[in-house]
Amino acid sequence: MDVLYFAWVRERIGLPKERIETSATTVSDLVAELRAREERYDAAFADLTALRVAVDQELTDFDAPLAGAREVAFFPPMTGG
Amino acid sequence: MPVSVQDAPFDYGAECERFASGRADMGAVVTFAGIVRGDGDLARMEIEHYPGMTEKALGEIAEKARRRWSLGDVLVIHRYGMLTPGERIMMVATAAPHRRNAFEAADFLMDYLKSRAPFWKKEHMADRGEAWVAAKDEDEDALSRW
């Protein structure tokens, strides 16, 4: 699946998007997998209360299932308007 | 549902004129413009967004407003990219038979797109420092009004 990062999450991880082969069944599982990869991921995901997640472009929460998901995005709380 | 996410500036006067024209059935039009406020030594405001999700989220918010306040029409324009103080970031317009619905719907649209549309603002200061704008609790709390 494609994993996207925005704003300071993108800067901390160092890339806007990557393709990941994963067997994670929930967003939390995917986060755990990413954190185990490298320090920069671990740092970016250290405080999940500071993050929001969208699965296939719909806002959801970290318990959300990933079955059939094509795109997961992580970003800070939005500041539009 | 007219929603536009664009890097180019928009002509606020022309958009308002077009939106308010030819509406014998709508007695009220409300328009709102958001402007980059030049706080402190802000040199530029950068706006990042999530292409695809942004259009979808704005469309859903606009559709929700249209149904809830029986609007005749809604318009949302939101820019992204590098803006300078004084530039218009975004606008919303609502058309309804009576003014209260038009005002409330515009207020609702602003509250929702501040916290539920995937935009992120970064401030670039004149001394070259930069910082992401943190979301405000009051903006999130504002959603509970609706």
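Our subject is the structure listed above.
Everything in this summary refers to the structure shown in the same document.

Scoring rules and cut-offs
- Residues numbered from 1 in each chain as written.
- Chains lettered and ligands numbered in written order.
- Predicted model: local features only at pLDDT ≥ 70, side-chain atom pairs only at ≥ 80, totals over all residues.
- Heavy atoms only, no water.
- Pairing = 2+ DSSP bridges.
- Helix = DSSP H or I, 4+ residues; strand = E, 2+ residues; numbered from the N terminus.
- Axes fitted to C-alpha atoms, helices over the stretch in contact; angles between N-to-C directions.
- Salt bridge = Lys/Arg side-chain N within 4 Å of Asp/Glu carboxyl O.
- Buried < 20%, exposed > 50% of the residue type's maximum accessible area, 1.4 Å probe, protein only.
- Arc of directions from axis to C-beta.
- Contact = heavy atoms within 4.5 Å.

1. Details of the sheet that holds strand β2 (residues 28-35) of chain B
Residues and elements named next belong to chain B.
Here is step 1: Within the open sheet, the 4 strands sit side by side as β1-β4-β6-β2. Their pairing is mixed. Since the sheet does not close on itself, it has two edges, and those belong to β1 (3-6) and β2, each with one partner. Neighbour to neighbour, the strand axes of the sheet diverge by 5° on average, direction disregarded.
Here is step 2: Inspection of the sheet shows β1 paired to strand β4 (residues 73-79) by 4 bridges, in the parallel sense. Of the residues in β4, the one forming a bridge with Gln-6 is Arg-79.

2. What about the pattern of salt bridges?
Here is step 1: Going through the model one piece at a time under the given rule, you end up with 17 salt bridges over all chains.
Here is step 2: Arg-18 of chain B is the salt-bridge partner of Glu-15 of chain B, the closest N and O atoms lying 3.2 Å from each other. Of this pair, Glu-15 of chain B and Arg-18 of chain B both sit in helix α1 (residues 12-20), 3 residues apart, which is roughly one turn of that helix.
Here is step 3: Arg-145 of chain B is the partner of Asp-111 of chain B in a salt bridge, and the nearest nitrogen-oxygen pair spans 2.7 Å. Taken together, the residues span a long stretch of sequence, with Asp-111 of chain B in helix α3 (residues 99-116) and Arg-145 of chain B in the segment after α4 (137-142) at a distance of 34 residues.
Here is step 4: Classification of Asp-111 of chain B as buried rests on a relative accessible area of 12%.
Here is step 5: Three or more residues are tied together by salt bridges with common partners; here these are Glu-11 of chain A together with Lys-122 and Glu-130 of chain B.

3. Things to note about helix α2 (residues 27-37) of chain A
All names here are of chain A.
Here is step 1: All of the buried residues along α2 are Val-27, Leu-30, Val-31 and Leu-34. Relative to the axis of α2, the buried residues are bounded by an arc of 100° and lie together on one face.
Here is step 2: Looking at the buried side of α2, the elements it contacts are β1 (2-5), α3 (39-44), β3 (52-55) and β5 (71-75).

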